[in-house]
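Okay, here's what each chain looks like letter by letter:
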Amino acid sequence: MSPGNSSTLSFIESQFPVSKVSKESYKERRSVQSQTLTQLGKWWGRKPLILVRAALIGLLMPASGDPVRDREIFLKILTMDDEGMWQRKKTNIPARVLAGYLSPREQAEYLDGNRLRSGLSREERDDLQRTVFLRMNYDERLRYCYRPEEIDGPSPEAWIEINAHLGTHASSIPELVEELGTRQFGERPSVGDCFCGGGSVPFEAARIGCDVYASDLNPVAALLTWAALNIVGGGEEVVEEVKQAQQEIYDTVDRQVTEWGIEENEQGWRAYAYLYCCEVVCPECGWRIPLLPTLSVAERMDKVIAELVPDPTHKRYDILIHEGVSAEASREAKRSGTITSRGMICPNPECPGHVTPISLAAIRREHSGGLRLWESGDVVPRPDDIFQERLYCIRWQERDERSRSGVRWHFHAPTAADLEREERVLALLQERFHEWQEKGYIPSMKIEPGEKTTEPIRTRGWTHWHHLFTPRQLLHNGLFMMYSLSLNAVVQLTEMACLVSSVGNLANWNSKLSRWDNSTELAKDTFYNQALNTLYNFPARGHFFLKSAWIYPSKDYSTNILTNSQIFIRNASSIQEAVSCWITDPPYADAINYHELSEFFLAWYEKSLKNLFPDWSTDSKRALAITGTGEEFRRSMVEVYANLTRHMPDNGAQIVMFTHQDAGVWADLAMILWAAGLQVTAAWCIATETESGGLKKGNYVQGTVLLVLRKQTSEETAFLDEIAPEVEDEVKRQLDAMLALDDEDDPNFTDTDYQLAAYAAALRVLTKYRKIEDIDIMRELYRPREAGEKNPLEGVIENAVKIACDHLVPKNIDDWIWRQLGPEERFYLKGLEMESHGEYRIGAYQELARGFGIRNYQNLQASGRANEMRLKTASEFKDRDIGGEGFSSSLTRQVLFAVRQAVVEEDAAAGRVWLRTLPDYWGKRKDIIAILRYLAVLGMSETMPQWEKDAETAGILAVVVEGDHV
Ligand SMILES: C[S@@+](CC[C@H](N)C(=O)[O-])C[C@H]1O[C@@H](n2cnc3c(N)ncnc32)[C@H](O)[C@@H]1O
């Protein structure tokens, strides 16, 4: 395989340690708010920095004729080898964990029960840690390690080996990058990302020593990228200055809030959080009902609940707050509430709505005048609006020197004095409302309806972004912005920009869309998901509670970026700068409405951004945002990538990242890239995202595909029938190379990686040619498609997976026997192998079925739920499934039935009796034994406990059949 006109094949074009990079990416993602860039502000779909680092180094490092050594060296550079990981070790492995890795003799030598034996020298303890650490597998080790970005690169000893292998003279990653880059491009490599979003690609590229070009259509993205490169990348000093400025503003706001007396009660307690709920009039009984999804207020430590007490005179409810209730009362309150997904449950026992929930649609309909659209000047609901907003609880902080933490917490219903303070807040806001809007301290922007932005308009009548905040939130967040901007004359741009973007952070953590989490007793961010969902109850933060959202970034992550960087707001199709490599993560088939959601932040930045960056536009340019997957989308993508290809040297490269959905989606992307003048040289799938569950279990893991591309320079035309054998050879070659590199004890590749590799191999062959027969790829891409219609090359690509499926004979089954089996039997047996590897994603089985040319396999699956996919065990097949056509009459099915019989009758002989009824039992005996043995071994897998009995029986039956005589 030789990629385009590049004389040297890069490491990432020949191999990639997908499993280790996935695990590191997952670890980074799991650090949530302590990820290096997330603390700068919210962006959706940020890519892990380690993924960018691995991809870039993989692109710059040449592959030699010794793939095993290449791999070792690559891992050394990333500190993912044994020594590198040891260097990254952060915490001690506790004695009880050590015990599990030691022989009885070693345990006696080093341990005393669950503790280390006393009297061990420091050296002995270190040796013990190292011995056990090296015995651990990658996942276990990672628990005790820093992330690679948190240490200072490989050790001096590692550099000797790296330099010896690569012929370089580096002693740091930026030096290595510069040397390798200069070799290829004659100068320090430059990396561009025209969809930079939160800035992962440009930040990491700059940190490891590349010059960078970054742009995005969206000003919020540009601001975040700017902050990443200039603040985190500005080194300790800048970070320190920024933190000081933040502290100064924080203290100034504190003084103002204290002076106004809006956050402190008569006992001198300070409010930490204010809890509000919506209130509506019940259309059935006319009472005013607070909408509370649960009556539990805080369930973890304080056990606080709300109680609704009827006030018949005013047809409303008082809300009492009880602290320190019993666990039972807390549980009961958690189950009770006045609003569920089915509608409002009126707490008035006399009301029909007490029994039958009343939908909000009905409440809106019944309300005279329906839902009113708020006017620009509104900051609270008007008295006759459907949805009123009511403060029902305040979480107070009392200073108490005697308690260990120095504070005591209280949850109380608001008193008359608290309500008076609320009024004061409203008056203070109203006094300065217009001036603050004018000066850009608080938002004034209208909400443009859209897929996501219509939600607040439709559900609450909020027409402007400031309607998404309570008066207290507007006043408080506005004070931060006012003082930040008033520093204008004295501080540098860096601090200013940082402060402005921090106000965005405040908005995210302090809006009417941030959720009160009664289990953690904390407030969640507005964008805990990718939507603008309105809530029935929500918190507003007090000043102390805002601190964590305001002060960033943590010093530990600062780094001195010394290379050149340029940041622009630009439509990706009009890039004019050339770079050595483009690494992009396009908004491809990810349903995130960046352009709409980011307006939530833009509303806060709009005016100050104009002052800070006069060249930047402050429009989210919705019309230009690339979205969807239709022909319009394909057209803009071809335009963007054709332009990028024109802006890179002939020996340059591109990596396109996108979240792996199904093969059809990415085959389509590959066609787009081909049409843009690129050829695919490799594809790898890294597990980067996870909704829940561990990577190890394979649950809920989403992959990011890295497509490696070079310029297409061939003039050759190929014919589909000529290509077929070429694809076959390439698929087999690719799979064999991967199999040869894989490590049985710590597998690098999963079944999905092999499937993906087959697609990549096919694409490599296809995109190598300028033209395939008389297919007009542009016309194919640009014409509208019927649902389910494919592009004409998809057949070739799909065939590649068929070749792969046939080539990848499951372990523990004889090659010859495998070839005798029908496609459904192969699907079933291979599917069981995937299950034994912990693969539960439905997509992986769909791919497999496609590979074997099977349309329907419902009869074979026990569960087809997303991420819970599994195939039936022998005992789970029904009697009536046997016979007829296809799988039901196959040898595998007969064997499964025999196992079932043996299990039911608790006698292997019953299985043999069934098998003996088969017409060609004696001729097929060898195959039967092979299938039984295969099932017996698979059943031992940890991931398939449901197979335990069947597998054991299959093993016994195999012995019985083997010993059978005529
Ligand atoms: C998947 S995100 C990139 C995320 C980024 N890699 C990160 O780690 O944060 C895609 C980006 O494309 C941007 N975008 C959408 N249409 C665009 C266009 N026409 N030109 C430039 N950028 C665009 C979006 O604003 C979004 O930031």
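All values reported here derive from a predicted model rather than from experimental measurement.

What follows concerns the overall build of the protein. For the protein, the count of helices and strands is 36 helices and 25 strands. The C-alpha radius of gyration computed for the protein amounts to 32 Å, which stays within 12% of the reference 30 Å derived for 966 residues, consistent with globular compactness. Taking the principal axes of its C-alpha atoms as reference, the protein extends roughly 95 × 75 × 75 Å. Taking the contacts inside the protein whose residues are at least 6 apart along the sequence as the reference set, 72% of them involve residues at least 24 apart. Working note: accessible area of the protein is about 39,700 Å², and carbon and sulfur atoms make up 48% of it. The protein carries 110 positive and 142 negative side-chain charges, and their two centres are separated by 3 Å.

End to end, helix H36 (residues 948-962) covers 21 Å across 15 residues, agreeing with the expected 21 Å (1.5 Å per residue, within 8%). Taken together, the buried positions of H36 are occupied by Asp950, Ala951, Thr953, Ala954, Leu957, Ala958 and Val961. The buried residues of H36 occupy an angular sector of 160 degrees when projected down its axis, which confines them to one face. Opposite the buried face of H36, at more than 90 degrees from it, the exposed residues are Glu948 and Val959. Among the structural elements, helix H33 (891-904), helix H34 (908-916) and helix H35 (921-938) are those in contact with the buried residues of H36.

Okay, unusual backbone geometry next. One non-glycine residue, Lys315, adopts positive backbone phi at about 50 degrees. Along the chain, the position of Lys315 falls in the loop between strand S8 (304-311) and strand S9 (316-322). With a relative accessible area of 37%, Lys315 lands in the partly exposed category. A positive phi is found at Glu906, a non-glycine position, where the angle reads about 50 degrees. With respect to the helices and strands, Glu906 occurs in the loop between H33 and H34. By relative accessible area, Glu906 is classed as exposed at 71%.

Once that is clear, we can look at helix H4 (residues 67-77). For H4, the full list of buried residues reads Asp70, Arg71, Ile73, Phe74, Leu75, Lys76 and Ile77. Lining the buried residues of H4 we find helix H1 (11-14), helix H2 (18-30), helix H3 (49-60), helix H10 (156-166), helix H11 (173-185) and helix H26 (720-741). Count one or two residues on from H4 and you reach Thr79, which has phi positive near 50 degrees.

Burial of the side chains of strand S18 (residues 581-584) extends over both faces: Cys581 and Ile583 are buried on one face and Trp582 and Thr584 on the other. Where S18 lies against strand S19 (residues 653-659), 4 bridges are found, and the strand directions are parallel. Of the residues in S19, the one forming a bridge with Ile583 is Ile655.

Taken in spatial order, the 3 strands make up an open sheet running S7-S8-S9, and their pairing is antiparallel. The open sheet is flanked by strand S7 (296-298) and S9, the only strands paired with a single partner. Along the sheet, successive strands turn relative to each other by an average axial angle of 35 degrees, direction set aside. Note: S7 against S8, 2 bridges, orientation antiparallel. Bridging across to S8, Ser296 finds its partner in Ile305.

The environment of the ligand is formed by 25 residues, the closest being Lys47, Gly198, Asp216, Ala572 and Asp585. Contact between the ligand and Lys47: an oxygen atom at 2.8 Å from a main-chain N or O atom of the residue. For the ligand, whose free accessible area comes to 600 Å², the fraction covered by protein is 98%. In terms of residue class, the shell around the ligand is built from 12 nonpolar, 7 polar and 6 charged.

Going through the model one piece at a time under the given rule, you end up with 33 aromatic pairs. Geometrically, the ring pair formed by Trp44 and Phe527 is edge-to-face, given 5.0 Å between the ring centres and 90 degrees between the ring planes. Here the residue Trp44 occupies a position in the loop between H2 and H3, and Phe527 occupies one in the loop between strand S15 (522-523) and strand S16 (537-541), the gap between them amounting to 483 residues. Since its relative accessible area comes to 1%, Phe527 is described here as buried. Summarising the aromatic geometry, the rings of Tyr213 and Trp582 are spaced 5.7 Å apart at their centres and angled 80 degrees between planes, so their arrangement reads as edge-to-face. One end of the pair, Tyr213, is in strand S4 (residues 211-216); the other, Trp582, is in strand S18, and 369 residues separate them in sequence. Assigned by exposure class, Tyr213 and Trp582 land together as buried. Within the aromatic cluster, the residues linked to one another by ring pairs are Trp43, Trp44, Trp465, Phe469, Phe527, Tyr594, Phe600, Phe601 and Trp604. The ring of Phe133 carries Arg141 above its face, with NZ or CZ at 5.4 Å from the centroid. The ring of Phe387 carries the charged tip of Arg460 above its face, separated from the ring centre by 4.3 Å.

Before going further, it helps to examine the pattern of salt bridges. Counted according to the given criterion, the structure contains 61 salt bridges. Close ionic contact of Asp81 with Lys76 constitutes a salt bridge, the shortest N to O distance being 3.1 Å. Arg770 is paired through a salt bridge with Glu715; the nearest N and O atoms lie 3.7 Å apart. In this pair, Arg770 is assigned in the loop between helix H27 (751-768) and strand S23 (771-772) and Glu715 in the loop between strand S21 (701-711) and strand S22 (717-718), connecting sequence segments 55 residues apart. Residue classification places Arg770 among the partly exposed residues on the basis of a relative accessible area of 40%. Salt bridges linked by common partners bring Arg53, Arg147, Glu149, Glu204 and Arg207 together as one network.

Turning next to the side chain of Ser714. Locating Ser714 in the fold gives a position in the loop between S21 and S22. Under the relative-accessibility criterion, Ser714 is labelled buried at 17%. A distance of 2.9 Å separates a polar side-chain atom of Ser714 from the backbone nitrogen of Glu716. If we ignore the near neighbours within four places in the chain, the residues touching Ser714 are Lys768, Tyr769 and Arg770.

Together, Glu236, Glu237, Glu240 and Glu241 give the surface a local cluster of negative charge. Along the polypeptide, Glu237 turns up in helix H14 (residues 235-260). Since its relative accessible area comes to 64%, Glu237 is described here as exposed.

Moving on, we come to the nonpolar core. Core analysis: the biggest nonpolar cluster contains 264 residues, and Phe16, Tyr641, Leu707, Tyr828 and Leu935 have the highest contact counts within it. Ignoring sequence-local partners within four residues, the contact set of Tyr641 consists of Phe195, Thr584, Pro586, Gln654, Val656, Leu673, Ala676 and Leu678. Counting residues in hydrophobic clusters, the runner-up holds 40 residues, among them Tyr272, Leu275, Leu291 and Leu360.

Attention now goes to the packing of H2 against H3. Where H2 meets H3, the axes come as close as 8 Å, and the angle between the chain directions of the two elements is 150 degrees. Judged on the interaxial angle alone, H3 and H2 are roughly antiparallel. Each of Val21, Glu24, Ser25 and Glu28 in H2 lies in contact with H3, whose residues at this interface are Leu49, Ile50, Leu51 and Ala54. The residue makeup of the contact of H2 with H3, split by class, is 5 nonpolar, 1 polar and 2 charged.

Per-residue pLDDT for the protein averages 89, and the proportion of residues at 70 or more is 95%. In the predicted structure, residues 1-6 sits below a pLDDT of 50 and forms 18 contacts with residues beyond four places in sequence or in another chain. Scored below 50 in pLDDT, residues 691-700 makes 26 contacts in the model with residues more than four places away or belonging to other chains.

Each value, and the rule that gives it
Residues numbered from 1 in each chain as written. Predicted model: local features only at pLDDT ≥ 70, side-chain atom pairs only at ≥ 80, totals over all residues. Heavy atoms only, no water. Helix = DSSP H or I, 4+ residues; strand = E, 2+ residues; numbered from the N terminus. Rg over C-alpha atoms; globule rule 2.2 N^0.38 Å. Contact = heavy atoms within 4.5 Å. Areas by Shrake-Rupley, 256 points an atom, 1.4 Å probe, with all protein chains shown as cover. Lys, Arg positive; Asp, Glu negative; His and termini not counted. Charge placed at Lys NZ, Arg CZ, Asp CG, Glu CD. Expected span 1.5 Å × (residues − 1). Buried < 20%, exposed > 50% of the residue type's maximum accessible area, 1.4 Å probe, protein only. Arc of directions from axis to C-beta. Pairing = 2+ DSSP bridges. Axes fitted to C-alpha atoms, helices over the stretch in contact; angles between N-to-C directions. Near = heavy atom within 4 Å. Polar contact = N/O pair within 3.5 Å; in protein donor to acceptor, adjacent residues only side chain to side chain. Nonpolar A, V, L, I, M, F, W, Y, C, P; charged D, E, K, R; others polar. Phe/Tyr/Trp six-rings, centres within 6.5 Å; stacked < 30°, edge-to-face > 60°. Lys NZ or Arg CZ within 6 Å of the ring centre and 35° of its normal. Salt bridge = Lys/Arg side-chain N within 4 Å of Asp/Glu carboxyl O. Patch = residues over 30% accessible without salt bridge, like charges linked within 9 Å, V, L, I, M, F, W, Y side chains within 5 Å. Core = buried A, V, L, I, M, F, W, Y, C linked by side-chain atoms within 4.5 Å. Parallel < 35°, antiparallel > 145°, perpendicular 65-115°, else oblique. pLDDT = per-residue confidence, 0-100.

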